[in-house]
Amino acid sequence: MNVLIILICFFLSGFFHQGLYLFMPFLTLFYLSYQKESKLALNPISKIYLYVVLVTLGFFVIQSLLFSDIKMFSIKGWLRFVAYFSFAVLISYMTKENIKYFFIVIVAYFILTIPMGYYQTIPDWGRYKNVLGHSNHLAYVLSMIIYFLVFNRPFKSKQVNIVCVILLFISLLLTKSTGGLLVLVALIVYNAIKSKRISLLKKLTFLSLCIIALLLGINFSDKIAYQIESVDYITWDFVIERVKNYTINGVNRAGAHGSFVWRVLYWSKLLYTFFSESFLQITFGMGIDHLTKGYMPYDFMEKDPHNDFIKVLMEYGVLGLLFFLGFFRKIYKTINKNFNIIILIVVPMFFGNAIVNFSVNLIFILILMYEYKKGITKAI
């Protein structure tokens, strides 16, 4: 039953995430009403998400008072973090085995739906997204699941785990997501170089896999190959000129060189414009969810920043960014300084808008909770 509840939440996050804003808190309260405990018990992971809820609420109050305006979309943005917190509380009452069985089921689902990935990439060779809203979000979810398979081995058979990793990697290639591959590359490089628990043979194997993954990605996707080639365009003079003349006759000049160059130019323009604002806005931000579609503050903005660090900086200010970085510090200390977990979430946040995506965050919370419960089991 517990696994079914998690599956329902995950699939809702893919095709009806709007329902989770209220469904998640109500589901959690309903679930807890049937538990034996007489009062709410928060473990360290739940407390971290409570920290996020309280910080965002504090900034909402401060921003509303400073700017004498209460934005309804900011309330919705705060409720998103309430939903994440509710899910963390819900999962905290489930066992480590429940979480492991969820990953077994979801791995089976993604393997069985590989034909869907092929179908979604033809006839115009688009990008695989399964039932999620965007191929990048699917790529980040797949990379997190691959991490779980490699480091936690939910299947008893080593061969089954290896086959599942290979098949999920094929699915990841179908997304044609540079960000998804970067997550895996960062994990492989970090563990190959830093980890003392891995033998020299395994380190060499990891590095070989890293090279193979990169070559496969480049050969499989013209998009990824073009991203690498486009780096040559990035020079200081080029960036400065495009930032100062970002639009000419209403035409955006950030594109035409690949999404990576677009990101660099877009981020530079956003930062340049934001730090021209008033001291209060730079310190406390422009408002929660102010960089979402329909509420963007600048005329030149066509999309969200595709970088959660810039998003947080602009929405919560320099002070809010410091609190945001504290979130990673708390996670790092709580999960026994497992830097792999930080890589899992920092890369998607740096190259995408993972902070607002339910699918990515639900999987991340599940991994966090599993790692925490695994640490407790080892301590006992």
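Our subject in this report is the structure included herewith. (Residues numbered from 1 in each chain as written. Predicted model: local features only at pLDDT ≥ 70, side-chain atom pairs only at ≥ 80, totals over all residues. Heavy atoms only, no water.)

**Remarks on the overall build of the protein**
Scanning the protein from N- to C-terminus turns up 17 helices and 2 strands. Classification of the 380 residues of the protein by burial places 53% in the buried group. The long-range fraction of contacts in the protein, counting pairs at least 24 apart against all pairs at least 6 apart in sequence, stands at 73%. Only carbon and sulfur atoms are counted for the fraction: they give 67% of the accessible area of the protein, which is about 18,600 Å². (Helix = DSSP H or I, 4+ residues; strand = E, 2+ residues; numbered from the N terminus. Buried < 20%, exposed > 50% of the residue type's maximum accessible area, 1.4 Å probe, protein only. Contact = heavy atoms within 4.5 Å. Areas by Shrake-Rupley, 256 points an atom, 1.4 Å probe, with all protein chains shown as cover.)

**A word on the pattern of salt bridges**
Counted by the stated rule, this structure contains 5 salt bridges. D69 is the partner of K71 in a salt bridge, and the nearest nitrogen-oxygen pair spans 2.7 Å. Between D289 and R80 there is a salt bridge; the shortest N-O distance is 2.7 Å. On the criterion of sequence distance, the pair formed by D289 in the loop between α14 (279-284) and α15 (308-334) and R80 in helix α4 (residues 72-92) is long-range, its members being 209 residues apart. Assigned by exposure class, D289 and R80 land together as buried. Among the charged side chains, a network of salt bridges with common partners joins R80, D289, K311 and E315. (Salt bridge = Lys/Arg side-chain N within 4 Å of Asp/Glu carboxyl O.)

**With respect to unusual backbone geometry**
Located in the positive-phi region is S68, a residue other than glycine, with phi close to 50 degrees. One can find S68 in the loop between α3 (44-67) and α4. Positive phi values are uncommon outside glycine, yet N130 reaches one of about 55 degrees. One can find N130 in the loop between α6 (114-120) and α7 (135-152).

**Topic: the packing of aromatic side chains**
In the structure shown here, the tally under the stated rule is 26 aromatic pairs. Pairing F10 with F110 gives two aromatic rings, centres 6.4 Å apart and planes at 85 degrees, and the pair type is edge-to-face. Pair noted here: F10 is in helix α1 (residues 2-15) and F110 is in helix α5 (residues 96-112), with a separation of 100 residues, a long-range link. Like F10, the residue F110 is buried in the burial classification. Centroid distance F309 to F324: 5.6 Å. Interplanar angle 75 degrees. Geometry classified as edge-to-face. Residue classification places F309 among the buried positions, given a relative accessible area of 17%. For F324, a relative accessible area of 10% translates into the label buried. (Phe/Tyr/Trp six-rings, centres within 6.5 Å; stacked < 30°, edge-to-face > 60°.)

**Observations concerning a nonpolar patch on the surface**
A surface patch of nonpolar side chains, amounting to about 510 Å² of accessible area, comprises F275, V318, L319, L322, F323 and L325. On the secondary structure map, L319 appears in helix α15. Residue L319 is classed as partly exposed on the basis of its relative accessible area, which comes to 32%. (Patch = residues over 30% accessible without salt bridge, like charges linked within 9 Å, V, L, I, M, F, W, Y side chains within 5 Å.)

**Observations regarding the packing of α7 against helix α16 (residues 339-351)**
Running from N to C, α7 and α16 cross one another at 170 degrees; their axes reach a closest spacing of 11 Å. Between α7 and α16, the angle falls in the class roughly antiparallel. Listed contacts from α16 to Y140, S143, M144, Y147 and F151 of α7 are N340, I341, L344, I345, P348 and F351. Among the residues forming the contact of α7 with α16, the class breakdown is 9 nonpolar, 2 polar and no charged. (Axes fitted to C-alpha atoms, helices over the stretch in contact; angles between N-to-C directions. Parallel < 35°, antiparallel > 145°, perpendicular 65-115°, else oblique. Nonpolar A, V, L, I, M, F, W, Y, C, P; charged D, E, K, R; others polar.)

**So, the packing of helix α8 (residues 158-175) against helix α9 (residues 178-193)**
In contact at an axis separation of 8 Å, α8 and α9 are set at 140 degrees when each is read in the N-to-C sense. Relative to α9, α8 is oriented oblique. Between α8 and α9, the contacting residues are F169, L172 and L173 on the first element and G180, L181 and L184 on the second. Class assignment for the residues of the contact of α8 with α9 results in 5 nonpolar, 1 polar and no charged.

**Focus on the nonpolar core**
In this structure, Y49, F87, F102, F103 and F110 are the most contacted members of the largest nonpolar core, which totals 109 residues. With 12 residues, helix α17 (residues 358-379) is the largest single contributor of residues to this core. Those residues in contact with F110 that sit more than four places away from it in its chain are F10, Y128, N130, L138, V141, L142, I145, L168 and S171. (Core = buried A, V, L, I, M, F, W, Y, C linked by side-chain atoms within 4.5 Å.)

**Looking at α5**
The first and last C-alpha atoms of α5 sit 25 Å apart over 17 residues, in line with the 24 Å expected at 1.5 Å per residue. Every buried residue of α5 is accounted for by K96, N98, I99, F102, F103, I106, V107 and F110. (Expected span 1.5 Å × (residues − 1).)

**Remarks on helix α2 (residues 20-32)**
Helix length check: α2 (13 residues) gives 17 Å between terminal C-alpha atoms against 18 Å at 1.5 Å per residue, within 8%. By the burial criterion, the buried members of α2 are L20, Y21, M24, P25, L27, T28, Y31 and L32. The buried side chains of α2 occupy one side of the element, clustering within an arc of 160 degrees when seen end-on. For α2, the exposed residues set more than 90 degrees away from the buried face come down to L22, F26, L29 and F30. (Arc of directions from axis to C-beta.)

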